[in-house]
Amino acid sequence: MTGWTADRMPDQHGRVAVVTGANSGLGLVTATELARRGAHVVLAVRDTAAGASAARRIGGDVEVRELDLASLESVRAFAAGLSAAHPAVDLLINNAGVVLLGPRRTTADGFELHIGTNMLGHFALTGLLLGNLAAGREPRVVNLSSITHKRAHLDFDDLMSEHGYSASPAYGRSKLATTVFGLELDRRLRAAGSPIRSVLAHPGLTRTNLTPRAWEHRGRLGRVLATIGLLATQPVEQGTLPQLRAATDPGVRGGQFFGPAGLAETRGRVTEARLSREAADPAVGARLWTAAEKLTGVSYL
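Residues numbered from 1 in each chain as written. Predicted model: local features only at pLDDT ≥ 70, side-chain atom pairs only at ≥ 80, totals over all residues. Heavy atoms only, no water.

### Considering the environment of Ala292
Structurally, the position occupied by Ala292 is in helix 11 (residues 282-296). On the accessibility criterion, Ala292 (1% relative accessible area) is buried. In this structure, the C-alpha to C-alpha distance between Ala292 and Ala124, residues 168 residues apart in sequence, is 8.3 Å. Residue contacts for Ala292: discarding those within four places in its chain leaves Met119, Leu120, Phe123 and Gly297. (Helix = DSSP H or I, 4+ residues; strand = E, 2+ residues; numbered from the N terminus. Buried < 20%, exposed > 50% of the residue type's maximum accessible area, 1.4 Å probe, protein only. Contact = heavy atoms within 4.5 Å.)

Here it is, written out as structure tokens:
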């Protein structure tokens, strides 16, 4: 397999990188590669014990900070602590995500769990750290999308999926919302003349701990389905490459979207990925931004 690899990452010494969900899966590999290139990496994790274990595995210049994206109080506390310790942040990788099948669940603030964690938590976090990013060197924000965004639709009359809830579509909507957010962030950063670049990536079908966890509510059948799902996925090291390229390739432009090139964007070398029409619609972006500001109480740009 040819194409962009982690060996092409430039030196990251002197850069501060924040990676959400960095204790496992895509986030762990991302944090490991950034630290290996010399970055000071902040592991933003819900479980600090798991974060500490990950930090020992990674080595290098890393620190662990508690962040629960399903709680706006936690997001604000994390942002305040990080801002005090690191006035300048060069890279924010909004990697963390939840996919849980089964009954509808909510965050601490009453949001449907998928959109509340995957998009609204990261929306608030990005806004609260925008000043730190503006002070960084060639700063970037990377949001993690999914190929499931292409089959999703945002119902602005039911963003919290209160009517006719189904977990899999709710996850897809959360990833569509994340994608719309990343693109609208790029538009607003450009309009403001900001040095920050907003970039997107998706991992295709990648082998992470989310695969078995998504089916745990189905018991023995769920374990069988999870095993079958794992056989169809690519290794996490390969699935992480799109977000590493988005985060570090010097030639990346704001608004670009990276993913795998092979088999309907499920696997393979890194290439520019395709957006759904709804994801790329500026009117949808503006409407979601307004809703997110109202829901989170965080306004910026």
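### Side note on the sheet that holds strand 2 (residues 40-45)
With mixed pairing, the 8 strands of this open sheet are ordered in space as 3-2-1-4-5-6-7-8. The outermost strands of the open sheet, each flanked by one partner alone, are strand 3 (62-66) and strand 8 (267-272). Strand-to-strand twist across the sheet, computed as the mean angle between neighbouring axes with direction ignored, equals 20 degrees. Where strand 1 (residues 16-20) and strand 4 (residues 91-94) come together, 3 bridges link them in parallel fashion. Directly across from Ala17, in strand 4, lies its bridge partner Leu91. Those strands touched by helix 1 (residues 25-36) are strand 1, strand 2, strand 3, strand 4 and strand 5 (140-144), and its axis lies near 170 degrees from that of strand 1. Its contacts with the sheet put helix 3 (residues 72-85) on strand 1, strand 2 and strand 3, and the angle it makes with strand 3 is roughly 150 degrees. (Pairing = 2+ DSSP bridges. Axes fitted to C-alpha atoms, helices over the stretch in contact; angles between N-to-C directions.)

### Brief notes about the pairing of strand 7 (residues 257-262)
In this structure, strand 6 (residues 197-201) lies alongside strand 7, joined through 2 bridges in parallel fashion. Following the sheet pairing, Leu200 is matched in strand 7 by Phe257. Joining the antiparallel neighbours strand 7 and strand 8 is a turn of 4 residues, in which Leu263 adopts a positive phi near 50 degrees.

### A look at the pairing of strand 2
Extensive coverage of strand 2 is indicated by the burial of 6 of its 6 residues. Residues His40, Val42 and Ala44 of strand 2 are buried on one face, and the alternating residues Val41, Leu43 and Val45, pointing to the opposite face, are buried as well. Strand direction decides the pairing type here: strand 1 and strand 2, joined by 5 bridges, are parallel. Counted as the bridge partner of Val16 is His40 from strand 2. Of the crossover connections in this fold, the one passing from strand 1 over helix 1 to the parallel strand 2 is right-handed. Note: strand 2 against strand 3, 5 bridges, orientation parallel. Looking at the pairing, Val45 lines up with Glu66 of strand 3. In this fold, the crossover linking strand 2 to strand 3 by way of helix 2 (residues 48-58) has right-handed handedness. (Right-handed = clockwise from strand over helix to strand, strands pointing away.)

### Structural notes on the environment of Ala264
With respect to the element layout, Ala264 can be found in the loop between strand 7 and strand 8. Take Ala264: its relative accessible area is 63%, and that puts it in the exposed class. Once the C-alpha coordinates of Ala264 and Thr178 are considered, the two residues, 86 residues apart in sequence, prove to be 20 Å apart.

### Notes on helix 6 (residues 167-191)
Helix length check: helix 6, at 25 residues, gives a terminal C-alpha distance of 36 Å against a target of 36 Å (1.5 Å per residue), a fit within 8%. Counting buried positions along helix 6 yields 18 of 25 residues, so the element is predominantly enclosed. Downstream of helix 6 by a residue or two, Gly193 has a phi angle that is positive, lying close to 70 degrees. (Expected span 1.5 Å × (residues − 1).)

### Describing the nonpolar core
Counting residues in hydrophobic clusters, the biggest one holds 44 residues, and the most contacted among them are Val18, Phe78, Met119, Leu125, Leu154 and Tyr300. Apart from the residues lying within four places of it in its own chain, the contact partners of Leu154 are Leu159, Arg173, Leu176, Ala177, Val180, Glu278, Val284 and Leu288. Ala17, Val62, Ala201 and Phe258 belong to the second-largest nonpolar core, a separate cluster that totals 30 residues. (Core = buried A, V, L, I, M, F, W, Y, C linked by side-chain atoms within 4.5 Å.)

### Let's talk about the pattern of salt bridges
Tallied over the entire structure, the rule returns 10 salt bridges. Between Asp186 and Arg190 there is a salt bridge, with its nearest N and O atoms 2.9 Å apart. With a gap of 4 residues between them, Asp186 and Arg190 both fall in helix 6, about one helical turn apart. Look at Arg190 and you get exposed, because its relative accessible area is 54%. With a closest N to O distance of 3.0 Å, Asp249 and Arg245 form a salt bridge. Residues joined in a network through salt bridges with shared partners are Asp7, Glu33, Arg36 and Arg37. (Salt bridge = Lys/Arg side-chain N within 4 Å of Asp/Glu carboxyl O.)

### Quick look at the packing of aromatic side chains
Counted by the stated rule, this structure contains 5 aromatic pairs. On the basis of an interplanar angle of 40 degrees and a centroid distance of 5.9 Å, the ring pair of Phe181 and Trp289 is categorised as tilted. Of this pair, Phe181 sits in helix 6 while Trp289 is found in helix 11, placing the two residues 108 residues apart along the sequence. The same class applies to Phe181 and to Trp289, which are both buried. What links up through ring pairs into an aromatic cluster is the set Phe123, Phe181, Trp289 and Tyr300. (Phe/Tyr/Trp six-rings, centres within 6.5 Å; stacked < 30°, edge-to-face > 60°.)

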